[in-house]
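Descriptive analysis of the structure
Here is what each chain is made of, one letter per residue.
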There are 2 protein chains.
Amino acid sequence: MPSFSIDQIRELTVRIFVQAGAPVEHAQQVAAALADNHLAGHDSHGIQRIPQYVGAVLDGAIVPTASPTVLQETRTTAVVDGNWAFGQVAANYAADLAIEKALESQVSAVTIVRMNHTGRLALFTERGADRDIAMFMAAGSGARYTVAPFGGAAPSLGTNPVAFSVPTGEDHPVTLDFATAAIAAGKVKVALSKDEPLPPGAVVDKHGQPTTNAADYYDGGHLVPFGGHKGYALSVIAELLSGPFSGADAYTNNTKRTGGFLFAVNAAAFRSIESYHAATAAVTDRLRSVPPAAGFDRVLVPGDPEAASRRARSLTPLEIPEKTWAAVCAAADRVGLSAEDLLDGAAVGS
Amino acid sequence: MPSFSIDQIRELTVRIFVQAGAPVEHAQQVAAALADNHLAGHDSHGIQRIPQYVGAVLDGAIVPTASPTVLQETRTTAVVDGNWAFGQVAANYAADLAIEKALESQVSAVTIVRMNHTGRLALFTERGADRDIAMFMAAGSGARYTVAPFGGAAPSLGTNPVAFSVPTGEDHPVTLDFATAAIAAGKVKVALSKDEPLPPGAVVDKHGQPTTNAADYYDGGHLVPFGGHKGYALSVIAELLSGPFSGADAYTNNTKRTGGFLFAVNAAAFRSIESYHAATAAVTDRLRSVPPAAGFDRVLVPGDPEAASRRARSLTPLEIPEKTWAAVCAAADRVGLSAEDLLDGAAVGS
């Protein structure tokens, strides 16, 4: 299996997207996002996404030269036009604007219209953590529905991810970051190929009946929100905030109707930061000291798994499955780069 | 079974809390909250709570004469001191302050310290809906932990409710409103008494192992968050916002460490209200028109069940179980009111 340092992951990603027409600074933002997702242990949002993004650039869905702009704003709010730039570039811009406004006015809300795929939302909600800004984000998934509403027999929602990061004063914030769909479609495929049952509550068959048989999904079935009616409620809130609330539906093109919603709030508005950090540590320490259940090593706080992965993975080369690497090379080839061009001047293990 | 009109429910609740020492205006707020919870179909948060609140007044945990005050504020934020007033009074006050600030500055965040039990959070997050204010609220449950963290074998969280209301332009907002615990402890008791299995994923035994046997709960088991690690993440975010973020832990007394966090945002800051309402209706109509799964009459949007209940229940007397009514009368007796005093001048069916 080929392996790369994180610097190599970043470098090859920059090369591909610069070759695809992006300014270096935008390519670097996409590369930083994909590399950070690998570091966080979420390889599904790493360079595996390069073929998708290259395809989107070639289709015109991503405009690599576009930069986000502000359509309207107040001291505490803004509507950011992603202008179909890379989703990561638009979301970084919106998150930084929300942070700036929250530092000045304590609280802010920023929406994004004409936003492309962003990957993990934690990347954006965590951007204010070292300045003690808590941030929430919801993103829509566009008009290709894969998730059936609670009690429904047809899909009418996207995977509708949400994230919420709360600063801590430790080396990483507490971060909730998940799709409101119970599982990713990719996991259904894996279960089918391994002939394994799906977890309960993740999929319904074509009649809307719960099933753990992956084959039922491919016979007209659908994903469902996690956690029954509660997760469904969260999915609908994410749909409304990222869509109607953001204004995203007013800026469609042929393929997309995706938007984002962020709010940011400054912890310093409510108490001294010192006492805030101490109170937060009291809660996270209390949770981490709970005796683990059978089968668990220890109790973690949301964000701990990613922080642990980041510590481990920053020290060792990252193994990339052959199939993923071949797809990345094929995507590079589509923009006129050979595998040698990607790695030129960079030592690569295998 | 005794039955009462909603006006009678309000009136008897006012009489009890006035007799317990509350100003009429505070007693009316508590009465309106309990009555509205009945209307919404959530009898568990109706007059069944009167004995708990009377007990809290007599114990000194609720100070019936207290009014909330503002400890510190900016144009966009405030820390509200509940002063151990009725939780409903403090939360109404904080929500209205958040709405006022959001109408003026588009966005606001308000925390509550020294806050008593509030009941359903939807009552507060829905207060701004007719002025197109979306609102989020999280509340802590104090230091009596009943919910084990994901992967843990001991409780270290409360039921940590959250609510999120998004205005629609219809007769009711879309409202998420739930405890982040999978089920209420009361439902475990019911399952045990009926010798029925619990739903999967709701309870763990004393070793932290999932179980559907209610008896395991009473043999040292615990509640868990809904939806596995995702619901756990939401529970921790609610814990941090309502606790450390709010500052609630800095204002303890012997019995409580509860706080609240609200965030409000004005839909009018992002697009015209007309286009916002139309876009929201497009989403809610789309969801409601999904064909129902087997066993469901139709697909509902979060908040629809409560709205339907409100329509039905506002027309007919409300039946109150004998046991609940006896407990309410006993609570009334503790403050020196007879059942006749409660109903004096009010026609009561039976």
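Conventions used here
- Residues numbered from 1 in each chain as written.
- Chains lettered and ligands numbered in written order.
- Predicted model: local features only at pLDDT ≥ 70, side-chain atom pairs only at ≥ 80, totals over all residues.
- Heavy atoms only, no water.
- UniProt positions renumbered as here; feature names shortened; annotations may be inferred.
- Contact = heavy atoms within 4.5 Å.
- Buried area = accessible area lost by both parts, 1.4 Å probe.
- Salt bridge = Lys/Arg side-chain N within 4 Å of Asp/Glu carboxyl O.
- Polar contact = N/O pair within 3.5 Å; in protein donor to acceptor, adjacent residues only side chain to side chain.
- Helix = DSSP H or I, 4+ residues; strand = E, 2+ residues; numbered from the N terminus.
- Least-squares fit on C-alpha atoms with pLDDT ≥ 70 in both.
- Pairing = 2+ DSSP bridges.
- Axes fitted to C-alpha atoms, helices over the stretch in contact; angles between N-to-C directions.
- Parallel < 35°, antiparallel > 145°, perpendicular 65-115°, else oblique.
- Nonpolar A, V, L, I, M, F, W, Y, C, P; charged D, E, K, R; others polar.
- Core = buried A, V, L, I, M, F, W, Y, C linked by side-chain atoms within 4.5 Å.
- Buried < 20%, exposed > 50% of the residue type's maximum accessible area, 1.4 Å probe, protein only.
- 1 Å grid on protein atoms, 1.4 Å probe; cavity = no way out; pocket = protein on both sides within 12 Å on 5 of 7 lines; lining within 4 Å.
- Points joined across faces, edges and corners; volume = space filled by probe spheres on them.

In the nomenclature of an unreviewed UniProt entry, chain A is known as Ldh family oxidoreductase of Jiangella ureilytica. According to the UniProt record, the Sequence similarities (unreviewed entry) comment for chain A is "Belongs to the LDH2/MDH2 oxidoreductase family."

1. Structural notes on the interface of chain A and chain B
Residue-level contacts link 78 residues of chain A with 77 residues of chain B. Summed over both partners, the interface of chain A with chain B buries about 6100 Å², with 74% contributed by carbon and sulfur atoms. When residues of chain A are sorted by the area they lose upon contact with chain B, Lys230(A), Phe245(A) and Phe270(A) head the list and together hold 13% of the total. There are four salt bridges connecting chain A and chain B. Applying the counting rule to chain A against chain B returns 26 residue pairs in polar contact (both at pLDDT 80 or more). Going through the elements one at a time, strand S3 (77–81), strand S4 (107–113), strand S5 (133–139), strand S6 (161–166), strand S7 (174–179), helix H8 (228–245), strand S11 (260–266) and helix H9 (273–288) of chain A are the ones with two or more residues in the side of chain A that touches chain B. In terms of residues, the side of chain A that touches chain B owes the most to one element, H8(A), which gives 13 residues.

2. Things to note about the relation of the copies chain A and chain B
Between chain A and chain B, the superposition needs a rotation of 180° and an axial shift of 0.0 Å, giving an RMSD of 0.0 Å. The superposition operator between the copies reduces to a two-fold rotation axis. For chain A, the minimum C-alpha distance to the rotation axis belongs to Gly227(A) and amounts to 2.0 Å. The share of interface residues of chain A whose copies in chain B are also at the interface is 99%, consistent with both copies meeting through the same surface.

3. Regarding the pairing of strand S2 (residues 69–73) of chain A
Residue and element names in this part refer to chain A. Across four bridges, S2 lies against S3 in antiparallel orientation. Pairing of Gln 72 across the sheet is with Val 79, part of S3. Counting the residues between successive antiparallel strands, the hairpin from S2 to S3 contains three residues.

4. A closer look at the packing of helix H2 (residues 24–39) of chain B against helix H4 (residues 87–105) of chain B
Residue and element names in this part refer to chain B. One can describe the packing of H2 onto H4 by two numbers: an axis separation of 8 Å at closest approach and a directional angle of 90°. Relative to H4, the element H2 is oriented roughly perpendicular. Residue-level inspection shows His 26, Gln 29, Val 30, Ala 33 and Leu 34 of H2 in contact with H4, the latter providing Gln 88, Val 89 and Asn 92. The residue inventory of the contact of H2 with H4, partitioned by class, reads four nonpolar, four polar and no charged.

5. Brief notes about the nonpolar core
Core analysis: the largest hydrophobic core is formed by 102 residues, its most contacted members being Phe245(A), Phe245(B) and Phe263(B). Dropping the residues within four chain positions of it, Phe263(B) is found in contact with Val107(A), Ser108(A), Phe263(A), Ala264(A), Val265(A), Val107(B), Ser108(B), Ala109(B), Ala134(B), Met135(B) and Phe136(B).

6. Some remarks on the layout of surface pockets
All names here are of chain A. By volume, the second largest pocket is sized at about 470 Å³. Asp 36, Glu 126, Arg 127, Pro 173 and Arg 310 are, among the 26 residues lining the second largest pocket, the residues nearest its centre. At the level of secondary structure, the elements contributing two or more residues to the lining of the second largest pocket comprise helix H2 (24–39), helix H4 (87–105), helix H5 (122–125) and helix H10 (304–313). The biggest single contributor to the lining of the second largest pocket is H2, with five residues.

7. Examining empty space enclosed by the protein
Overall, the coordinates contain two cavities of 30 Å³ or more when judged by the stated rule. Its volume calculated, the largest cavity comes out at about 110 Å³. If you trace the largest cavity, you find it lined by Phe136(A), Val162(A), Phe164(A), Leu176(A), Leu234(A), Ile237(A), Phe136(B), Val162(B), Phe164(B), Leu176(B), Phe178(B) and Leu234(B). Of all the secondary-structure elements, those providing two or more residues to the lining of the largest cavity are S6 and H8 of chain A together with strand S6 (161–166) and strand S7 (174–179) of chain B. Partitioned by chemical class, the residues of the lining of the largest cavity number twelve nonpolar, no polar and no charged. The calculated volume of the second largest cavity comes to roughly 40 Å³. Every residue lining the second largest cavity is listed: Arg120(A), Glu126(A), His172(A), Pro173(A), Gly303(A), Glu306(A) and Arg310(A).

8. Considering the pattern of salt bridges
Within this structure, the stated rule accounts for 32 salt bridges over all chains. Measuring nitrogen to oxygen at the nearest pair gives 2.9 Å for the salt bridge that ties Arg286(A) to Glu239(B). Of this pair, Arg286(A) sits in helix H9 while Glu239(B) is found in helix H8 (residues 228–245), placing the two residues in two different chains. For the pair Arg286(A) and Glu239(B), a shared accessibility class is recorded, and that class is buried. A salt bridge links Asp96(B) to Arg127(B), with the nearest nitrogen and oxygen atoms 2.8 Å apart. Pair noted here: Asp96(B) is in helix H4 and Arg127(B) is in the loop between helix H5 (122–125) and strand S5 (133–139), with a separation of 31 residues, a long-range link. It is possible to trace a salt-bridge network through shared partners that takes in Glu170(A), Arg288(A) and Asp304(A).

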